[in-house]
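One-letter residues, chain by chain:
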Amino acid sequence: MTFLCGLYHYFLLNNQIPLLPSITKTGIKTLIGVNLLVILFCTITDEMPGDSFGEGGLITLTSVANLLAIAGLSFLILLLNRDNQVHFFNVKGSHFFWFLSAVGFVFLALDEKLKIHENTDKLIHRIFNLQETMLTDSIDDFIILLYGIIGLIVIYFYRRDIKLFMNGKKYFALGFVLFVVTAGIDFLHNIHFVIPGFEVNDPKYFFGWYKVAEESVKLFAEVAFALGYYSCYTFFLESQIKEPRNQGVSFHK
């Protein structure tokens with residue numbers, strides 16, 4: 001958070017605007033291409049389905065890169081949406097949404113790399129000495145769902161100021177749909193709890209493809225969000241070019 005604040009004030013005090021449409025557009029295209037190539041490469045080269053789709057592998061690193069890219073786009077939008085007359089920590093300012101967004105996606109990147117929600121699941125089991133059931137085994141899934149709910153609450157709180165869905169709403173909608181699909185696929189990992197007596201001839205093969213599906217959909221969800229944030233970035237950028245002013249773009253009524 002301190003690092004992001006420092007960058008914000010550096011650009012603010014030096015009146016620097018990140019006018020990087022071509023570079024950012026190239027970055028978005030690269031992000032999409034890299035995700036597709038990584039999924040294809042890992043699927044083709046795995047001896048068993050899902051070998052490269054576990055925690056800590058190439059897929060995880062790609063996901064971390066996606067989340068950090070979204071955080072970077074959030075920070076660029078923050079710079080474009082700044083207001084010299086509004087204190088940085090004024091939570092009612094529309095700029096503060098983009099700050100929260102940048103911090104949130106940095107946290108999600110850390111969660112992806114450090115397995116925060118998985119370790120929280122294990123810690124809860126250990127502290128309360130819980131036996132594994134369908135409910136307790138899905139604690140980490142509920143934590144991920146909580147992340148999504150918090151995000152929706154923040155969006156709802158700032159809806160009138162930032163007009164987030166004015167541009168790129170189709171990408172955000174797709175991202176949330178894919179997020180829900182990812183959660184649903186993850187829940188199917190406990191299919192033996194959901195359907196008593198469910199069996200497959202080769203569980204490792206079956207759940208390997210399940211992992212491929214889950215992680216692939218998750219990467220596509222992240223790419224969809226990146227496209228949404230890029231759409232917002234270009235919207236604010238075009239507004240700034242058309243109406244340059246020190247306080248940036250504002251949608252306050």
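Since the structure is predicted, the reported quantities are computational estimates derived from the model, not experimental observations.

## A closer look at the overall build of the protein
Piece 1. Scanning the protein from N- to C-terminus turns up 10 helices and 0 strands.
Piece 2. Of the regular secondary structure in the protein, the N- to C-terminal order runs α-α-α-α-α-α-α-α-α-α.
Piece 3. Within the protein, buried positions represent 42% of all 253 residues.
Piece 4. A separation of at least 24 residues holds for 77% of the contacts in the protein among residues at least 6 apart in sequence.
Piece 5. Accessible surface computed for the protein: about 14100 Å², of which carbon and sulfur atoms make up 68%.

## Some details on the confidence of the model for the protein
Piece 1. Summing up the model confidence of the protein, the mean pLDDT is 79 and the portion of residues at 70 or higher is 73%.
Piece 2. Considering each helix and strand of the protein separately, the mean pLDDT is smallest for helix α1 (residues 2-13), with a value of 50, and largest for helix α4 (residues 95-114), with 93.
Piece 3. When the criterion is pLDDT under 50, residues 246-253 qualifies, and its contacts beyond four places in sequence or with other chains add up to 28 contacts.

## A few points about the pattern of salt bridges
Piece 1. One pass over the structure, following the stated rule, counts 4 salt bridges.
Piece 2. The salt bridge involving E214 is made with K211; its shortest N-O contact spans 3.5 Å. Here E214 and its partner K211 are both found in helix α10 (residues 203-242), 3 residues apart, which amounts to about one turn of the helix. Just as E214 is buried, K211 falls in that class too.
Piece 3. Residue K218 is joined to E215 by a salt bridge in which the shortest nitrogen-to-oxygen separation is 2.8 Å. Of this pair, K218 and E215 are both found in helix α10, 3 residues apart, which corresponds to roughly one turn of the helix.
Piece 4. When its relative accessible area of 17% is taken as the criterion, K218 is described as buried.
Piece 5. E215 gets classed as buried once you look at its relative accessible area, which sits at 5%.
Piece 6. Overlapping salt bridges bring together E112, K211, E214, E215 and K218 as one network.

## Considerations on a nonpolar patch on the surface
Piece 1. On the surface, a cluster of nonpolar side chains totalling about 550 Å² of accessible area is made up of F142, L145, L146, I149, I150 and I153.
Piece 2. For L145, the location among the structural elements is in helix α6 (residues 139-157).

Conventions we followed
Residues numbered from 1 in each chain as written. Predicted model: local features only at pLDDT ≥ 70, side-chain atom pairs only at ≥ 80, totals over all residues. Heavy atoms only, no water. Helix = DSSP H or I, 4+ residues; strand = E, 2+ residues; numbered from the N terminus. Buried < 20%, exposed > 50% of the residue type's maximum accessible area, 1.4 Å probe, protein only. Contact = heavy atoms within 4.5 Å. Areas by Shrake-Rupley, 256 points an atom, 1.4 Å probe, with all protein chains shown as cover. pLDDT = per-residue confidence, 0-100. Salt bridge = Lys/Arg side-chain N within 4 Å of Asp/Glu carboxyl O. Patch = residues over 30% accessible without salt bridge, like charges linked within 9 Å, V, L, I, M, F, W, Y side chains within 5 Å.

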